[in-house]
Amino acid sequence: MANKIADSISREEFFYGHKACAGCGGSLAVRAALKVLGPNAVSVLPAGCMSAVGFNFPQLCFSNNSIISTFAGTASMLTGIEAGLRAKGYKDFTAVGFAGDGGTADIGIQALSGAIDRNDNIIYICYDNEAYMNTGIQKSGLTPFGARTTTTPAGSNIHGNIRPKKNMFEIVAAHGIPYAATASVGYIGDFIAKVQKASQIQGTKYIHVIAPCPTGWGVAVDETVEIAKEVVDSGLWYLAEYENGEYRLTHRPKEFTSAEAYLKRQGRFRHLTEDDIKVITDSRDEKWKFIEKNFIV
Amino acid sequence: MKKFLSGNEAFAEGIRLARPEVISAYPITPQTIVVERLSEMVENGSLKSEYVHVESEHSALSCAMGASATGARAFTATSSQGLLYMAECLYYAAGGRFPIVMMNADRSTALPWNIYGDQRDSLSQLDSGWIQSYAENAQEALDLALMSYRIAEDKRVSTPYMANLDGFVLTHTYEKVDIPTEEEADRFLPAYETDNRIDFDNPKNMAFSAGPDTNFIFKYKAHEGILAAKEVIKETENEFEAIFGRRYSGLIENYLTDDAEYIIVTLGSIAGLCRKTADRLREQGIRAGVVRIRYMRPFPNEEIAEALSSAKAYAVLEKDISFGNEGTVFTNVNSAVKKENGKAEGYNFIGGLGGRNISASDIENIYESIIKGTDRVTFIGTGGGNNG
């Protein structure tokens, strides 16, 4: 299976020579997606980690056409590029955005919603490392409950972030988007298959991929893939698709591994009390009840 | 063909003739008629363009930048709060050297809310790196729409272009307008060709970061580009006259300034009333003149200094105030005069904020005040004034 997936994507590299931190999950997601989409991908990256590490003149690290957008403007610039290339008579290209969690769920959500509403023919990939990592680990709308960030300190009064992650997958699906998916760099084959599928679908596509940041999460740099797998195995994230008005699980853990173990191995969650962990496991179980009821499993 | 059109409609006709390949549209009063007319033109086939209904002004300009980055000719339009909302993208487009054309219907800025015309919106963005023109009438609006792309897209310039029309006074006033034929327009305005675009044979990384060593150089190049527009505007107007027979006068338009002792310097639609008033004062033996600024960027330093060189006094009449200082046009004009060691006494008249009318007698009062000498800054009709 693994070899089949590896064979299905390009041997060519499109994103290299950049200065991403060791173990960066985001750069792995971008690298893999571009291998699927190939040289005619036009990538748009807003202000954020991937543009900061890959786009410093004269050290420019994309070998496909790429451009930085404004922080809020990933989707709207994709719209313009797609419309412009179409107006110019190009047919064989893919306009793809790579925005972080803040660039997607916070400042960029308006433009993203607009693009889905217009059903622009673009792929929007959110690489979710669960905080504003580029600026030094501040809370975003996709920071999970309990996480310590530099703006949600963990003290004796408040134990880190007090709100759960925004549910971007279902927010996006509620637009009636042709295709949306969740993924994790820990299940890279699943992610690649979803990018491949998205590239074959007309209209707006959204893929939300968990991409751990060892620096911000407080794990070793060689634990990225492992922890990205564990977040799925413990049931705290799920791999799914939305298509033709239906939700479908693409991976179903037989039984969950310990959420506590997943949390406690990360610096950002180490302060959590038993009560905090119960809140997290309860909300996981609620979510899975919802999934069992509403998703094709 | 002659038609009876509003300023907005005339501008839309000019844009139709310029054939933008992508239009990103978001409505705001008093700009709406432009995007409405353009949507009708796309519907009836008289304009072939990708018409994108964006969800905000920020996205309007972001989308236009994306389109421009593919080498497509892009258009958008805005006003007031919309211009301020997209402000980040203004600087971005200028730095990216994307020759987008945008119409701005000059309108008051909140608070207090107000939909009527003044120029505080566009003048607040003088530093954004865009060429800024100010039309006086509907014919000029149409002609500038056509000329704007030639100027912006010239290789020496590669700078976005903001065409300003006074809200309501110009955007909604109907006049007889001569509409060129498509053949004439095509002869005047060639298709946009650029290397500053996505290229599948030779992929590019665009809109990158540049550190302290190189950033400054990119900024300097952008400055050089907009300065180069001075010459390109002249060439473009010569070419325009050769094809369409209408003559424009470059960065400023002088009226009776050769021997004028007292001159009003202004911009936009109020200039007509200033000229009428100057005529009347001339009948009384007062040597009055008018300078109409057509371009705020690049700024006509030499031209203004020359026009004011023999004057005893000048008044800068503007629909703008930079709170805590004076009108921004006044600051710019004074700087121009100072550079050439001009001797004329300068005064500033702030009027028309939030669309308040500026009457013929207001303008007569301006001339009378500068003949006698007055406060450095006067707020017309408010009793307010100060000596800065």
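Fair warning: this is a prediction, and the values are worked out from it, not measured in the lab.

Q: Explain the overall build of chain B to me, using residue names and the numbers behind them.
A: Within chain B, the secondary structure is distributed over 13 helices and 18 strands. Computed over C-alpha atoms, the radius of gyration of chain B comes to 21 Å, within 12% of the 21 Å expected from 2.2 N^0.38 for 388 residues, which places it in the range of a compact globule. A principal-axis box enclosing the C-alpha atoms of chain B has dimensions of 65 × 55 × 45 Å. In chain B, buried positions account for 60% of the 388 residues. Taking contacts inside chain B between residues at least 6 apart in sequence as the whole, the part at least 24 apart equals 81%. In the form shown here, chain B has an accessible surface area of approximately 15100 Å², with 50% of it arising from carbon and sulfur atoms.

Q: Could you give an account of the sheet that holds strand E16 (residues 345–350) of chain B, with specific residues and numbers?
A: All names here are of chain B. Across the sheet, 7 strands lie side by side as E11-E13-E12-E15-E16-E17-E18; this open sheet has mixed pairing. Sheet topology places strand E11 (252–255) and strand E18 (384–386) at the edges, where each strand pairs with a single neighbour. Across this sheet, the average inter-strand angle for adjacent strands is 20°, counted without regard to direction. Strand direction decides the pairing type here: E16 and strand E17 (residues 377–379), joined by 3 bridges, are parallel. Residue pairing in the sheet places Asn348 in a bridge with Val377 of E17. Across the face of the sheet, helix H12 (residues 328–339) comes into contact with strand E12 (262–267), strand E13 (288–293), strand E15 (313–318) and E16 while running at roughly 150° to E15.

Q: Let's hear about the nonpolar core: which residues, and what values?
A: Within the largest apolar cluster, 62 residues are counted, with the highest numbers of intra-cluster contacts made by A:Ile81, A:Tyr206, B:Ile100 and B:Trp130. What A:Tyr206 contacts, discounting residues up to four positions off in sequence, is A:Thr104, A:Leu112, A:Tyr124, A:Cys126, A:Met168, A:Val172, A:Ile177, A:Tyr179, A:Ala180 and A:Ala181. Core analysis: the second largest hydrophobic core is formed by 60 residues, A:Val53, A:Tyr179, A:Val232 and A:Ile277 among them.

Q: I'd love a proper account of the confidence of the model for chain B, names of residues and values included.
A: One rule of thumb: low pLDDT means the predicted coordinates there are not for detailed reading. Per-residue pLDDT for chain B averages 97, and the proportion of residues at 70 or more is 99%. Model confidence for the complex is summarised by a pTM of 0.97, with the ipTM given as 0.96.

Rules of the game
Residues numbered from 1 in each chain as written. Chains lettered and ligands numbered in written order. Predicted model: local features only at pLDDT ≥ 70, side-chain atom pairs only at ≥ 80, totals over all residues. Heavy atoms only, no water. Helix = DSSP H or I, 4+ residues; strand = E, 2+ residues; numbered from the N terminus. Rg over C-alpha atoms; globule rule 2.2 N^0.38 Å. Buried < 20%, exposed > 50% of the residue type's maximum accessible area, 1.4 Å probe, protein only. Contact = heavy atoms within 4.5 Å. Areas by Shrake-Rupley, 256 points an atom, 1.4 Å probe, with all protein chains shown as cover. Pairing = 2+ DSSP bridges. Axes fitted to C-alpha atoms, helices over the stretch in contact; angles between N-to-C directions. Core = buried A, V, L, I, M, F, W, Y, C linked by side-chain atoms within 4.5 Å. pLDDT = per-residue confidence, 0-100.

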